[in-house]
Amino acid sequence: MLSPGARALCPLLLCIALVAAGCSGSASTPRAQETTTQGGQVGAEDDVTPPDPEATSAVFDPSDEVLNVAISDPSTLDPLRIQDPGSVLVARQLYEGLTRWDPIVEKVRPAAAESWRISNGGRVFTFKLRDGMTFHDGSPVTSQDFRFAFDRIALKENSSELAYILDRVAGFTEVNQLGKSRHLAGIATPTDQILTITLSEPFYDLPAVLTHPALVPLAERRVNKIDEFLAAPVGNGPFKMAEVWAPGQPVILEAFPGFIETPDLDGIRFLPYPDAAASWLQFRDGDLDVAEVPAGQIQDAEKTYGAQGFRPFLASYYYGFNLRSEALKSIALRKAVNRAIDRDEIADSIYKGTMTPARGIVPAGMPGFQENICVVLCKHSPQVASDLVDGLKKKERSVTLEFTKGEPHDDVARLIKSDLEQVGLNVTVRSFGFDRYLRRLRDQDQGLYRLGWIGEYPVPDVFLSPLFESDSPDNHTGFRSRKVDALLARAHAEPSHGRRDQIYIEAEKAILRQVPIAPIGSFVTHWATQPNVQDLNFDVMGGFDATDVFLEDEDTEV
């Protein structure tokens, strides 16, 4: 069971930022650019002075292989705070957690932990750390470094918006909610090489959760010198800081030869841009190796650079029904709303290739979740919707759409309003500032409300338990179902990955039968790479790990 307030609206906050930007991001967490589509139109960079990749070339020799990557400006490199896409992508190269996600085989792989053992029915996880792993300063990585880092995220006084990731660890409430302890009771370090995590409930998907880029080891002595740490963090990943950094400046990394596997690249320059459009001309001129594709350039980019960087992204856009509201009690009304919405029109005219119509609650791209379970409920049929509305009493034919002010939400609401009015519903539209909108959700005052959600690790539960488990603080629809709660609990306690996914699908179907939401769509990220960039594999969290990347000699004959 989720601890009350554990998730503290964090994924919701992130996705409100994300979907406000039309999913213009490059990592697994928030996007916060004021554009209506992915990066706007080419030419938007006219008033922006672009970064110069060669301005930092003193760090590298001319013969070095250095990857130039366009990103949004990182706000921090501290795992306690990393949420924006630029920060997350850099952090994935600087740090190495216990596990990592392999986008090729779509499985969790050992990382800083060479192995783990699960016991006590999915409540206890014992990790064996790799021998010889060090931080970038040469000091050994130990189990105590993980415990320090996890405690730091959970501490109430640190107010980390990522703390909810650890909400199933035993003792979380005492540390994060009550402030009665400074250490998570469920984290034990019997030896320097052994880390034990005990949960308050079974959850066999914990190794996937541990792929989150915030759950990495930190050396306490380094973090205590916080100003130095923020400017030049010392991690344990495949790349280390080559220069001190400040927000607004490029992040320059060089290969760390002491990593598990020495990177093929000599370094990476992460160059900040305000949006995808601002970096596109430099990419097209060959000054950048990796960049996001602006919405208006997707088709041309696919022809020129290929679609290997076009990947489903684990983020979804919904409208939720406040089931506590008398105006939304009728399941026939809720079905009518779903059947009236033209999702293709929203995806095509507003998101311009960065959104795909919904397959259900869990977005397309989730490993093991290819079945389209919203094929009927989400099918646009004004006639079916009109028939459902005709069966309603006149007093039941009114809805209020609520959303956060700004694009693209205004345009989405406008299209939905038109769709609903065409089938005979009376529609009122209300937009709110961000803070007031969140207060309405907390106070349960909303009507038919907009909701965005990011899956920060590739587990379907991240979309199901927070939004629909009866006691979850992020269940703003007010949906309650003993059957669904029982199915989710069964999934958490199921050792078999395949059977676990099937139970999650069963829970998803059970939720949709009660129609607590109107799924609108999920997102797609669009990256482009130069032809000489090899073995760069993008994943469904929106980014990549650069350990195996190399630059092919353009003069090589095949």
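Residues numbered from 1 in each chain as written. Predicted model: local features only at pLDDT ≥ 70, side-chain atom pairs only at ≥ 80, totals over all residues. Heavy atoms only, no water.

J.: Outline a negative patch on the surface, listing residues and values.
T.: On the surface, Glu261, Asp264, Asp535 and Asp548 cluster together into a negatively charged patch. Note that Asp548 resides in the loop between β18 (533–534) and β19 (550–551). Look at Asp548 and you get partly exposed, because its relative accessible area is 37%. (Patch = residues over 30% accessible without salt bridge, like charges linked within 9 Å, V, L, I, M, F, W, Y side chains within 5 Å. Areas by Shrake-Rupley, 256 points an atom, 1.4 Å probe, with all protein chains shown as cover. Salt bridge = Lys/Arg side-chain N within 4 Å of Asp/Glu carboxyl O. Lys, Arg positive; Asp, Glu negative; His and termini not counted. Charge placed at Lys NZ, Arg CZ, Asp CG, Glu CD. Helix = DSSP H or I, 4+ residues; strand = E, 2+ residues; numbered from the N terminus. Buried < 20%, exposed > 50% of the residue type's maximum accessible area, 1.4 Å probe, protein only.)

J.: So, the sheet that holds strand β6 (residues 187–191): which residues are in play, and what are the values?
T.: Taken together, the four strands give an open sheet; going across it, the order is β4-β5-β7-β6, and neighbouring strands pair in antiparallel fashion. Edge strands, defined here as strands with exactly one partner in the open sheet, are β4 (113–119) and β6. Across the sheet, the mean angle separating the axes of adjacent strands is 20° when strand polarity is ignored. In this structure, strand β5 (residues 124–129) lies alongside strand β7 (residues 194–198), joined through five bridges in antiparallel fashion. Bridge assignment links Val124 to a residue of β7, and that residue is Thr198. (Pairing = 2+ DSSP bridges. Axes fitted to C-alpha atoms, helices over the stretch in contact; angles between N-to-C directions.)

J.: Go over the state of the cysteines, please, and point to the residues and values.
T.: Tallying each qualifying case throughout the model produces one disulfide. The residue that forms a disulfide with Cys374 is Cys378, at a sulfur-sulfur distance of 1.8 Å. Where Cys374 bonds to Cys378 through sulfur, the torsion about that S-S bond is close to 65°, and the disulfide is right-handed. Side by side, Cys374 and Cys378 carry an identical accessibility label, which is buried. (Disulfide = S-S within 2.5 Å.)

J.: With reference to specific residues and values, describe the side chain of Asp84.
T.: Position of Asp84 among the secondary structure elements: in the loop between β1 (66–72) and α2 (85–94). There is a polar contact of 2.4 Å between the side chain of Asp84 and the side chain of Ser75. (Polar contact = N/O pair within 3.5 Å; in protein donor to acceptor, adjacent residues only side chain to side chain.)

J.: Go over helix α8 (residues 276–284) with me, naming the residues and quoting the values.
T.: Note: α-helices contain 3.6 residues per turn, so residues at a spacing of three or four share the same orientation. Counting buried positions along α8 gives seven out of nine residues, so the element sits mostly inside the fold. The set of residues buried in α8 consists of Ala276, Ala277, Ala278, Ser279, Trp280, Gln282 and Phe283. Where α8 is buried, its residues meet β1, β10 (267–273), β11 (290–292), α9 (298–305) and β17 (517–529). Regarding α8, its N-cap is Asp275, as a side-chain oxygen of that residue lies 3.2 Å from the backbone nitrogen of Ala277 further along. In the segment just after α8, Gly286 is the residue with positive phi, at about 90°. (Contact = heavy atoms within 4.5 Å.)

J.: Please provide a residue-by-residue account of the environment of Arg324, values included.
T.: You can see Arg324 is positioned in the loop between β12 (310–321) and α10 (331–340). On the basis of relative accessibility, which here comes to 34%, the residue Arg324 falls in the partly exposed class. Along the sequence, Arg324 and Gln446 sit 122 residues apart, while their C-alpha atoms lie 9.4 Å from each other. Those residues within four positions of Arg324 in sequence are excluded, and the remaining contacts are Lys329, Gln444, Gln446, Asn475, His476, Thr477 and Gly478. Here Gln444 takes part through its side chain, which lies 3.1 Å from a polar atom of the side chain of Arg324. Separated by 3.2 Å, the side chain of Arg324 and the backbone oxygen of His476 make a polar contact.

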